[in-house]
Amino acid sequence: MTETADRTAAPAPATPALAAEFETYAAPRNQWWDVWDQFKTHKGALFGLGFFVFTLLFVFVGPLVWTMDPQFIDIRARNAGPSLAHPMGTDQLGRDTMARMMAGGQTSIAVGLTAMALALLLGTLVGVLAGYFRRLDGLLMRTTDLFLAMPLLPLLLVTIMLFRDPLRANFGPEGGIFVLIVFMIGVTSWMQTARVVRAEVLALKEREFVLAARSIGTPSRRMITRHLLPNVMSPIMVSATLGIANAIITESALSFLGLGFPSDFPTWGRLLFDATDWLTQNPERVIWPGMAISLTVLSVNYIGDGLRDALDPRIRGR
Amino acid sequence: MLTYTIRRLILAIPTLLFISFIIFLIVKLSPSDPTASLPLTIPPDVRELIRESLGVNDPVFVQYFKWLKLMVWDEPLHFIEGATGWPVAPEGPRIISYQTRSPVMDLIAQRMPQTLWVVGTSYIVGILIALPLGIISAYRQYSIFDQVGTFISMVGFSVPTFFTGVLFIVIFAVNLGWFPSVYNTTHVVTDWDSFVVQLKQIIMPVMVLGLYNASQISRYLRASMLDNLNQDYVRTARAKGLTEKIVVLVHVLKNSMIPVVTVIALNVPAVFGGAIITEQVFKVNGIGQLLIIAIQSGDVPVVQTVSFIFAVLIVLFSLIADILYGVLDPRIRYD
C-alpha cells in the first residue's frame, strides 16, 4: 500500500553484475499508476470516464461557447423542434433547451458532487471513529442502524416541503434550496460508507504496521490521518462514485416530484418534470434531460465498477 | 431460532419508537401552520379555535403520546373491527386527516389495494425476469448473452424510474397508442374485455418498476451463482453423473438463492418508496400519491402515519430477511 510507494532506488555499487541489474532496474512507480493500468483494461469504466469528462465539459465549458441566456424568452420560437438556431429545440416560452441543459447540468452535478462530499465526510468520520475507538462503536453503529431503518424518501420530501420557506428567506431562493437539498441528501446517504469504512478500520487495526506505529507512541489523531485513512481510500473512492450517482438521482427525483428547485432555476430533474406536461406536443423535450441524467449515472456507475476492480490488489496485475 | 426472533421483535420496538418520535418531531417542529391553507376570511380568533381543536397547542410530548396511543392501540382495534365485525373498537378520537376530516386509516385502506397491485405484480415480474437472466449470465460467463445481460442490467439499474416511465409513455402511449398513459383505478374487472383493459393499463407501471427490480436482483443472482459454480460440491455433483440441468438448476441455484432471497426481502420497502415516483408518473392514486398530496397541503396526520407505515415496513422486512437467512442457511444459527 502507500507506505511502500515512495521507496527509491538504492545507489548501485560499481561491480559489473550489479551494474547490469541497475540498467534493467525500472524506477519504482506510484501505486496509482498500477491502479490506472488496471482501470484502463475495463472498457466500460474507460468509456464511463470519457463520458463523464465530456458531460463536465459540456456543462461547465459549454456556456462559454454557447452563449445564449437560458432565461431569454423568445415567445415566437416557442415549442420548436431541433434546428440550427436551437440544436435541442425550445420550451413553451421559447427558451433555448441547450442553454437550459447546460445551466441545469451545472446545478445537478454541483448537487451531486457536494452531497457526495458531505456523505463521504460524515460516513468516513463515523466509520473511522466507530472502528478505532471501541467506546464509541456501539453508540455510532446503533445510530447508523437507526438511519438505515428510516423511511428516507418520505422524510426527504417532508423536510424539504416544510423547511423550504425559512431557508429561502435566509439564503435566497436558489441558495436556500441548494443548501437544503445537499444537506438532506448528504445526511441520509452516509450509512453505507460508514459501515464499509468501519469494517476496514477494524481489520487494519490488527495489522503489524499499526502496532509498530503505536509502539513508537503515535497519538490517535496522527494514527488515523497518517496510517488508517490512506489505507481506507479504496472503499471510500468506490462509495464516492456510488454517492454521486445516488445524489444526482435523488435530486432529480425530488425535482420531478415538484419539491426540488423552483422552475425558473433549471436542473435536469426539473427540466424533465416541466417537459412531461408537453408530452404530446413536444415529446423529444423529455429525452434530453432524461438521457443526461441516465447517461451520467450510468457512466459514474461504470467508473465505480472499474475502480472497484482496479483498487482490489487481488485482481490487479492479472 | 425462536428466541432470536423474539429478541429481534422486542429490539424492533425501541427502534420504531425512536423513528416515530423523529418523524413526529420533524413534522411538528417545522414552521408550517395547519390552518395556512384555510381561506383568509377566517378571523384570527376562529383560526385559534381551529388550531385548539386540532390539538396543536399542547406540548410536543403530550401530542406525541396521544398520537402514539392512537397509532399503536386504537387504530389496530378499529382495523380488527372493520375486518372481522367484532365490536372491539374503543370509543373516542381517531387520527383525523386535516384535509378530508375522515380517519387517516380509512384513506390508507382506500389507496392500499392500488399500490399493492402495482408494486406486488411488478416485484413478481421483476423476479421472474431476473431469475433466467441471472442464471444464464452466470452459467455462460463472458458469453454474448452475459455481456448483453450485464449491460442491460447496468442500464436498468442506472436509469431512474421517472425517466423510463416517461419514456414508456412517449413511446407506447403517445406514439404507438397501445396503452393508456393514466392508470384508471375505478375500472372493475367483470369479463374478458374489461380484463384486457386492466392488463393494458397495468402493463406500463408494472414493467417500469419490474425492469428496475429485475436489474438489481439479476446482478445479485449472477454474482452469487458465480461464487457457487466454482465450489467443490458442483464438481462432485458432475462426477456423480448428474445432468447439467440438475447440477445448475437444483444444486447451484438452491445455494445461490440464499443471499438473493434476503436481498429480495430487504428491497421490499425500497420498492414501496420507489412506487411513490412511479405512481406520480402514471397517476395511480395509491399510497405514494396520498403522501405527496398530504405533504403539499400540510396534512400532518397523514404524513406522520404514512411515514410511520414505511418505517414499520423497513424494520419488518429487515427482520424477515435476517430470519430467512437463518432458516435457509443451516450454517447460520443465531443463538
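Residue numbers run consecutively from 1 along every chain, following the written order of its sequence. Think of it this way: whatever chain is written first is A, whatever ligand is written first is 1, and the rest follow in order. Thresholds applied to this predicted model are a pLDDT of at least 70 for local features of residues and 80 or more for the giving and counting of side-chain atom pairs; totals over whole chains, interfaces and linings are not thresholded and use all residues. Water and hydrogen atoms were dropped before computing side-chain values, which therefore reflect all heavy atoms in the structure.

K.L.:
Is there a simple way to explain the overall build of chain A in this structure?
P.N.:
Strands are runs of DSSP state E lasting at least 2 residues, helices are runs of H or I lasting at least 4, and numbering of each runs from the N terminus. On a plain count of helices and strands, chain A comes out with 14 helices and zero strands. For chain A, the proportion of its 318 residues judged to be buried stands at 47%. Summed over its atoms, the accessible surface of chain A is roughly 15800 Å², and 65% of this surface lies on carbon and sulfur atoms. Any residue under 20% of the maximum accessible area for its type is buried, any over 50% is exposed, and the rest in between are partly exposed; the area is computed with a 1.4 Å probe on protein chains only. Methods summary: accessible areas were calculated by the Shrake-Rupley approach with a probe of 1.4 Å, and residue burial reflects only the protein chains presented.

K.L.:
Explanation requested: the overall build of chain B in the structure shown.
P.N.:
Regarding its fold elements, chain B presents 11 helices and zero strands. Helices and strands appear in chain B in the N-to-C order α-α-α-α-α-α-α-α-α-α-α. Within chain B, buried positions represent 44% of all 335 residues. A total of about 17200 Å² of accessible surface is found on chain B, and carbon and sulfur atoms cover 68% of it. Both charge centroids of chain B, one from 22 positive and one from 21 negative side chains, sit 11 Å from each other. Under the convention used here, Asp and Glu are negative, Lys and Arg are positive, and both His and the chain ends fall outside the count. Charge placement uses NZ in Lys and CZ in Arg. For Asp and Glu, CG and CD serve respectively.

K.L.:
Help me understand a nonpolar patch on the surface in this model?
P.N.:
All names here are of chain A. There is a patch of nonpolar side chains on the surface, built from Val53, Leu57, Phe60, Val61, Leu64 and Val65 and spanning about 590 Å² of accessible area. Counting residues per element, the ones that place at least two in the nonpolar patch are helix H3 (43-60) and helix H4 (62-65). Of the residues forming the nonpolar patch, the biggest block, three residues, is contributed by H3. For Val65, the position within the fold is in helix H4. Only residues whose relative accessible area exceeds 30% and that form no salt bridge are eligible for patches; like-charged ones are grouped when within 9 Å, while nonpolar side chains (Val, Leu, Ile, Met, Phe, Trp, Tyr) are grouped when within 5 Å. By convention in these notes, a salt bridge is any Lys or Arg side-chain nitrogen within 4 Å of a carboxyl oxygen on Asp or Glu.

K.L.:
So what exactly am I meant to see when it comes to helix H7 (residues 192-229) of chain B here?
P.N.:
It helps to recall that an α-helix has 3.6 residues per turn; residues three or four apart then point in one direction. One less than the number of residues in a helix, times 1.5 Å, gives the span that helix is expected to have. In this model, H7(B) (38 residues) spans only 45 Å end to end at C-alpha, well below the 56 Å of a helix rising 1.5 Å per residue. The term bend refers to the angle at a residue between two fitted axes, each drawn through seven residues, those ending there and those starting there. A bend of about 35° at Ile203(B) is the largest found in H7(B), and the proline Pro205(B) appears one to four places after it.

K.L.:
I keep staring at the packing of aromatic side chains and nothing clicks. Help me out?
P.N.:
Aromatic rings considered in pairs are described by the distance between their centres and by the relative angle of their planes. All names here are of chain B. The rule is short: rings of Phe, Tyr and Trp, with Trp giving its six-membered ring, pair when the centres are within 6.5 Å, and they are stacked under 30 degrees, edge-to-face over 60, tilted in between. In this structure the tally under the stated criterion is 11 aromatic pairs over all chains. Residues Phe21 and Tyr64 carry aromatic rings whose centres are separated by 4.8 Å and whose planes lie at 70° to one another, so their mutual orientation is edge-to-face. Taken together, the residues Phe21 in helix H1 (residues 2-29) and Tyr64 in helix H3 (residues 60-84) connect sequence positions 43 residues apart. Judged by relative accessible area, Tyr64 falls into the buried class, the value being 5%. Feature note: the residues Phe21, Phe24, Tyr64 and Phe65 constitute an aromatic cluster, connected by ring pairs. Note on geometry: a ring has a charge over it if NZ (lysine) or CZ (arginine) is within 6 Å of the ring centre and within 35 degrees of the ring normal. A cation over a ring is seen here: Arg219 above Phe157, with NZ or CZ 4.5 Å from the ring centre.

K.L.:
How should the packing of helix H9 (residues 244-282) of chain B against helix H10 (residues 287-296) of chain B be read in this particular structure?
P.N.:
When two helices pack together, their arrangement is given by the angle between the helix axes and by the axis-to-axis distance. All names here are of chain B. Fitting a line to C-alpha atoms yields each axis, with helices limited to the stretch in contact; the angle taken between N-to-C directions then spans 0 to 180 degrees. The geometry of H9 relative to H10 is characterised by a closest axis approach of 7 Å and an angle of 85° between their N-to-C directions. Regarding the angle of H9 to H10, the classification is roughly perpendicular. On H10, the residues that touch Ile276, Glu279 and Gln280 of H9 are Ile287, Gly288, Gln289, Leu291 and Ile292. Looking at the contact of H9 with H10 residue by residue, the class counts come to four nonpolar, three polar and one charged. For classification purposes, angles smaller than 35 degrees are called roughly parallel, those larger than 145 roughly antiparallel, those between 65 and 115 roughly perpendicular, and all remaining angles oblique. Two residues form a contact once any of their heavy atoms are found within 4.5 Å. Under the scheme applied here, ten amino acids are nonpolar (Ala, Val, Leu, Ile, Met, Phe, Trp, Tyr, Cys and Pro), four are charged (Asp, Glu, Lys and Arg), and all others, including Gly, are polar.

K.L.:
Would you mind showing me how to read the interface of chain B and chain A here?
P.N.:
When the parts of a complex come together, some accessible area is lost, and that lost area is often used as the size of the interface. Contacts between chain B and chain A engage 39 residues on the former and 37 residues on the latter. Buried area, as used here, totals the accessible surface that two parts lose on assembly, with accessibility defined by a 1.4 Å probe and the loss added over both. Summed over both partners, the interface of chain B with chain A comes to about 3300 Å²; 86% of that surface belongs to carbon and sulfur atoms. In this assembly, chain B and chain A are joined by zero salt bridges. In protein, a polar contact means a hydrogen-donor-capable atom and an acceptor-capable atom, both N or O and within 3.5 Å, with residues adjacent in sequence counting only if both atoms are side-chain atoms; elsewhere, any N or O pair within 3.5 Å suffices. Applying the counting criterion to the chain B and chain A interface returns one residue pair in polar contact (both at pLDDT 80 or more). Put simply, the parts of the chain that give the side of chain B that touches chain A at least two residues each are H1, helix H5 (144-158), helix H6 (161-175), H9, H10 and helix H11 (300-328) of chain B.

K.L.:
It is not clear to me how unusual backbone geometry should be interpreted in this structure. Could you clarify?
P.N.:
Phi is mostly negative for residues that are not glycine, and the peptide bonds are mostly trans. All names here are of chain B. Unusually for a residue other than glycine, Tyr142 sits at a positive phi of about 65°. Along the polypeptide, Tyr142 turns up in the loop between helix H4 (104-139) and H5. The exposure class of Tyr142 is exposed, given its relative accessible area of 62%. In this structure, Lys283 is a non-glycine residue whose phi angle is positive, near 55°. Note on placement: Lys283 falls in the loop between H9 and H10.

K.L.:
Just checking my understanding: could you explain the side chain of Ser153(B) for this structure?
P.N.:
Looking at where Ser153(B) falls in the secondary structure, it is placed in helix H5. If near-sequence neighbours (up to four positions away) are discounted, Ser153(B) is found in contact with Ser215(B), Ser218(B) and Arg219(B).

K.L.:
Sorry if this is basic, but what is going on with the side chain of Thr159(A) here?
P.N.:
Considering the arrangement of structural elements, one finds Thr159(A) in helix H7 (residues 152-171). Residue classification places Thr159(A) among the buried residues on the basis of a relative accessible area of 7%. Here the side chain of Thr159(A) touches Leu155(A) through a polar contact of 2.4 Å, landing on its backbone oxygen. Among all residues touching Thr159(A), those that are not within four sequence positions of it are Arg164(A), Leu180(A), Met184(A) and Ile26(B).

K.L.:
It is not clear to me how the environment of Asp74(A) should be interpreted in this structure. Could you clarify?
P.N.:
Summarising the element assignment, Asp74(A) is placed in the loop between H4 and helix H5 (97-132). Taking the C-alpha atoms as reference, Asp74(A) lies 9.0 Å from Thr90(A); in sequence the two are 16 residues apart.

K.L.:
Please clarify how the packing of helix H6 (residues 134-148) of chain A against helix H9 (residues 191-205) of chain A should be interpreted in this entry.
P.N.:
Residues and elements named next belong to chain A. Packing of H6 against H9 brings their axes to within 10 Å, and their N-to-C directions diverge by 155°. Of the possible angle classes, the one that applies to H6 and H9 is roughly antiparallel. Regarding H6 and H9, the two cross each other, and that crossing is left-handed. Where H6 abuts H9, its residues Arg134, Asp137, Met141, Thr144, Asp145, Phe147 and Leu148 lie against Met191, Gln192, Arg195, Arg198 and Lys205. Taken together, the residues of the contact of H6 with H9 break down into four nonpolar, two polar and six charged. Should the near helix be turned counterclockwise from the far one by less than a right angle, the crossing is left-handed, whereas a clockwise turn marks it as right-handed.

K.L.:
Help me out: how do you make sense of the confidence of the model for chain A in this one?
P.N.:
Detailed reading of the predicted coordinates is not advisable wherever pLDDT falls low. All names here are of chain A. The predictor's confidence in any single residue is recorded as pLDDT, a number from 0 to 100. Here chain A averages 80 in pLDDT, while 87% of its residues score no lower than 70. Highest mean pLDDT in chain A belongs to helix H10 (residues 208-215) (89); lowest belongs to helix H1 (residues 16-24) (64). Contacts for the low-pLDDT stretch residues 1-10, under 50 throughout, to residues beyond four places or in other chains number 11 contacts.

K.L.:
Can you help me understand the environment of Asn184(B) in this one?
P.N.:
Residues and elements named next belong to chain B. Relative to the helices and strands, Asn184 is located in the loop between H6 and H7. What makes Asn184 partly exposed here is its relative accessible area of 37%. Separated by 31 residues in sequence, Asn184 and Ser215 have C-alpha atoms that sit 28 Å apart.

K.L.:
I would appreciate a short explanation of helix H2 (residues 31-41) of chain A in the present structure.
P.N.:
All names here are of chain A. Turning to H2, its buried residues are Gln31, Val35, Gln38 and Phe39. The arc that holds every buried residue of H2, seen down its axis, measures 105°, which confines them to one face. Looking at the packing, one finds that the buried side of H2 touches H3 and helix H14 (284-311). For this quantity, the arc is that covered by the directions from the helix axis to the C-beta atoms.

K.L.:
Is there a simple way to explain the pattern of salt bridges in this structure?
P.N.:
Between side chains of opposite charge, a pair can form when the charged atoms approach closely. According to the stated counting rule, one finds nine salt bridges over all chains in the structure shown. Between Asp137(A) and Arg198(A) there is a salt bridge, with the nearest N and O atoms lying 2.8 Å from each other. With a gap of 61 residues between them, Asp137(A) in helix H6 and Arg198(A) in helix H9 connect regions that are remote in the sequence. For Asp137(A), a relative accessible area of 17% gives the class buried. One salt bridge connects Asp322(B) with Arg8(B), and the closest N-O pair in it is separated by 2.4 Å. Of this pair, Asp322(B) sits in helix H11 while Arg8(B) is found in helix H1, placing the two residues 314 residues apart along the sequence. Of the residues examined, Asp322(B) reaches a relative accessible area of 27% and is grouped as partly exposed.

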